Amino acid sequence: MIKKAAVICFTENGSRIAQKVGECLERYGNTVILAKKYKGASESIQESLDDWTRREFENQDALIFVGAAGIGVRAIAPYVRSKTEDPAVLIIDEQGRYCIPVLSGHMGGANELAEFISAQIHAAAVITTATDLNRKWAVDLFAKKNGLAIHDMKKAKEVSARILSGESVSISIDRGCEMIYGKIPEEVRLWSGEEPDMAVGIYKNPQWKETMYLIPKTVVLGIGCRKGKETAKIEEKILQILENSGIFLESIYKVSSIDLKRDETGIIELCEKYGWEFETFSAKKLEDIKGEFAGSRFVRQITGVDNICERSAVCASGGGTVIVKKQAGDGITIAAAEKKWGIRFE
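Residues numbered from 1 in each chain as written. Predicted model: local features only at pLDDT ≥ 70, side-chain atom pairs only at ≥ 80, totals over all residues. Heavy atoms only, no water.

## A closer look at the overall build of the protein chain
Phase 1 of the analysis: Within the protein chain, the secondary structure is distributed over twelve helices and 18 strands.
Phase 2 of the analysis: On the principal axes, the C-alpha backbone points of the protein chain span a range of 75 × 50 × 30 Å.
Phase 3 of the analysis: Every one of the 346 residues in the protein chain was classed for burial, and the buried ones make up 50%.
Phase 4 of the analysis: The contacts of the protein chain with a sequence gap of at least 6 include a subset with a gap of at least 24, amounting to 62%.
Phase 5 of the analysis: Total accessible area computed for the protein chain in this model is approximately 17,600 Å², and 48% of it derives from carbon and sulfur atoms.
Phase 6 of the analysis: Across the protein chain, the centroid of the 48 positively charged side chains sits 2 Å from that of the 49 negatively charged ones. (Helix = DSSP H or I, 4+ residues; strand = E, 2+ residues; numbered from the N terminus. Buried < 20%, exposed > 50% of the residue type's maximum accessible area, 1.4 Å probe, protein only. Contact = heavy atoms within 4.5 Å. Areas by Shrake-Rupley, 256 points an atom, 1.4 Å probe, with all protein chains shown as cover. Lys, Arg positive; Asp, Glu negative; His and termini not counted. Charge placed at Lys NZ, Arg CZ, Asp CG, Glu CD.)

See below:
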């Protein structure tokens with residue numbers, strides 16, 4: 001659900017509700033910041049509500065305002081960006097009767113959080129998203145629960161609008177998907193030849209012009225490079241390879257290499273830029289990986305293993321499949337592997 005939340009109240013009654021909310025979230029392993037802002041409150045925050053909201057909006061998975069809806073809406077208004085970036089925002093009245101998700105109901109998990117909190121404090125969750133109210137399948141919630149990146153939010157809205165109007169939509173599921181759990185909802189039909197409305201997978205099809213892509217984070221890049229190689233050069237090489245292979249940048253979740261490169265600035269800076277995990281392995285660990293790899297006598301002399309990029313990508317992906325074989329040039333070698341993955345319908 002979430003990992004960290006900030007709760008703020010504006011009255012003494014609200015303080016009691018905020019305390020209950022904080023306690024129930026902490027019981028389930030969340031980190032919670034509790035703030036009071038009203039006259040006579042013990043330890044009332046001195047900063048303005050605007051300053052508090054700006055900071056916590058950037059740092060928390062969820063913001064919970066205990067008080068009037070107008071207070072919370074005005075507080076967050078300057079900082080709302082998009083449903084893919086914004087945290088969950090909930091408003092609970094000071095008597096704890098109603099819990100209303102007002103921002104990021106699906107992608108940020110606000111609806112789910114509202115249902116959870118309401119059950120804990122005996123409130124009524126007020127859900128307003130159309131797909132929930134009409135008991136329809138929601139593509140953004142499906143993406144959220146399966147860890148899929150939505151490549152085009154405008155197309156996602158169009159898909160949702162069609163479903164709400166009573167239409168069914170087609171979905172293509174990439175061959176890399178090994179498992180499909182649950183029952184496919186009646187609003188969705190499996191693709192059967194024409195351009196699909198939606199496609200789940202890491203590859204873009206240049207023939208499909210209107211398809212909405214849902215991209216699993218399943219790709220590991222294995223990288224080897226000359227010492228001191230510039231970040232921009234490594235990035236340029238990666239983007240070129242992905243473009244040539246038709247693989248979405250959003251599908252990458254990890255970069256791997258040999259432990260000799262654990263402090264390689266160019267790779268580290270690139271991972272920080274894109275939020276990728278960076279994992280390295282010993283030469284022996286890489287040598288033990290089974291498979292057919294593009295070996296190099298020179299690389300073995302330098303590192304103790306015949307191939308770094310392909311072997312490390314397979315290793316970091318948990319024994320995944322090499323989908324881009326070793327690409328070398330300008331002192332950089334890159335390969336890609338895809339881990340095993342599946343999707344779940346509910």
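After presenting the structure, the write-up continues.
## Let's talk about the pairing of strand 16 (residues 321-329)
Phase 1 of the analysis: Sheet topology places strand 16 next to strand 17 (residues 332-338); six bridges connect them, and they run antiparallel. Residue pairing in the sheet places Gln327 in a bridge with Ile334 of strand 17. (Pairing = 2+ DSSP bridges.)

## Observations regarding helix 12 (residues 309-316)
Phase 1 of the analysis: Of all eight residues that make up helix 12, eight are buried, and the element is covered over most of its length.
Phase 2 of the analysis: Contact partners of the buried residues in helix 12: strand 13 (219-225), strand 14 (252-258), strand 15 (277-281), helix 10 (283-287), strand 16 and strand 17.
Phase 3 of the analysis: In the stretch just after helix 12, Gly318 is the one whose phi turns positive, near 70°.

## A closer look at the pattern of salt bridges
Phase 1 of the analysis: Evaluated as defined, the whole model comprises 21 salt bridges.
Phase 2 of the analysis: Linking Lys254 and Glu279 is a salt bridge whose minimum nitrogen-to-oxygen distance equals 2.8 Å. In this pair, Lys254 is assigned in strand 14 and Glu279 in strand 15, connecting sequence segments 25 residues apart.
Phase 3 of the analysis: Through salt bridges with shared partners, a single ionic network connects Glu47, Arg55 and Glu56. (Salt bridge = Lys/Arg side-chain N within 4 Å of Asp/Glu carboxyl O.)

## Side note on the side chain of His106
Phase 1 of the analysis: Along the chain, the position of His106 falls in the loop between strand 5 (98-103) and helix 4 (110-121).
Phase 2 of the analysis: Of the residues examined, His106 reaches a relative accessible area of 6% and is grouped as buried.
Phase 3 of the analysis: Discounting chain neighbours no more than four positions away, the residues touching His106 are Asn111, Thr129, Thr131, Asp132, Ala138, Asp140, Leu141 and Lys144.

## Details of the environment of Met212
Phase 1 of the analysis: Along the polypeptide, Met212 turns up in strand 12 (residues 212-216).
Phase 2 of the analysis: Overall, Met212 belongs to the buried group, its relative accessible area being 0%.
Phase 3 of the analysis: Sequence spacing of Met212 and Gly14 is 198 residues, and the spatial spacing of their C-alpha atoms is 43 Å.
Phase 4 of the analysis: In this view, Met212 contacts Val139, Ile150, Asp152, Lys155, Ala156, Val159, Asp197, Met198 and Ala199; residues no more than four positions away in its chain are not counted.

## Quick look at the pairing of strand 1 (residues 4-9)
Phase 1 of the analysis: Taking burial as the measure, the six residues of strand 1 include five buried ones, the bulk of the element.
Phase 2 of the analysis: As paired strands, strand 1 and strand 2 (residues 31-36) are joined by six bridges and run parallel to one another. Within the sheet, the bridge partner assigned to Cys9 lies in strand 2 and is Lys36.
Phase 3 of the analysis: A crossover links strand 1 with its parallel partner strand 2, the connecting element being helix 1 (residues 12-27), and its sense is right-handed.
Phase 4 of the analysis: In terms of strand pairing, strand 1 meets strand 3 (residues 62-66) through five bridges, oriented parallel. Of the residues in strand 3, the one forming a bridge with Ala5 is Ala62. (Right-handed = clockwise from strand over helix to strand, strands pointing away.)

## Digging into helix 7 (residues 153-164)
Residues that lie three or four places apart on an α-helix share one face, since the helix turns once every 3.6 residues.
Phase 1 of the analysis: Taking 1.5 Å of rise per residue, twelve residues should cover 16 Å, and helix 7 covers 16 Å from first to last C-alpha, within 8% of that figure.
Phase 2 of the analysis: Among the residues of helix 7, those classed as buried are Met153, Lys155, Ala156, Val159, Ser160 and Ile163. On an axial view of helix 7, the arc spanned by its buried residues comes to 155°, and they lie on one face. Those residues of helix 7 that are exposed and angled more than 90 degrees off the buried face are Lys154 and Lys157.
Phase 3 of the analysis: On its buried face, helix 7 sits against helix 6 (139-146), strand 7 (148-150), strand 8 (169-173), strand 11 (198-200) and strand 12.
Phase 4 of the analysis: For helix 7, the N-terminal cap is Asp152; the gap from its side-chain oxygen to the backbone nitrogen of Lys154 is 3.0 Å.
Phase 5 of the analysis: Positive phi shows up at Gly166, right after helix 7, with a value of about 100°. (Expected span 1.5 Å × (residues − 1). Arc of directions from axis to C-beta. Polar contact = N/O pair within 3.5 Å; in protein donor to acceptor, adjacent residues only side chain to side chain.)

## Points about the packing of aromatic side chains
Phase 1 of the analysis: Following the criterion strictly, the structure yields nine aromatic pairs and no others.
Phase 2 of the analysis: Judged by centre distance (6.2 Å) and plane angle (75°), the ring pair of Trp52 and Phe65 falls under edge-to-face. With a gap of 13 residues between them, Trp52 in helix 2 (residues 49-59) and Phe65 in strand 3 connect regions that are remote in the sequence.
Phase 3 of the analysis: The ring of Tyr253 carries Lys339 above its face, with NZ or CZ at 4.5 Å from the centroid. (Phe/Tyr/Trp six-rings, centres within 6.5 Å; stacked < 30°, edge-to-face > 60°. Lys NZ or Arg CZ within 6 Å of the ring centre and 35° of its normal.)

## Brief notes about the sheet that holds strand 10 (residues 188-190)
Phase 1 of the analysis: Taken together, five strands build an open sheet; the order of strands is 7-12-11-8-10 and the sheet is mixed. Unpaired on one side and paired on the other, strand 7 and strand 10 mark the two borders of the sheet. Ignoring strand direction, the axes of neighbouring strands in this sheet form an average angle of 30°.
Phase 2 of the analysis: Here strand 11 pairs with strand 12 via three bridges, running parallel. (Axes fitted to C-alpha atoms, helices over the stretch in contact; angles between N-to-C directions.)

Any link to function would need more than the numbers given here.
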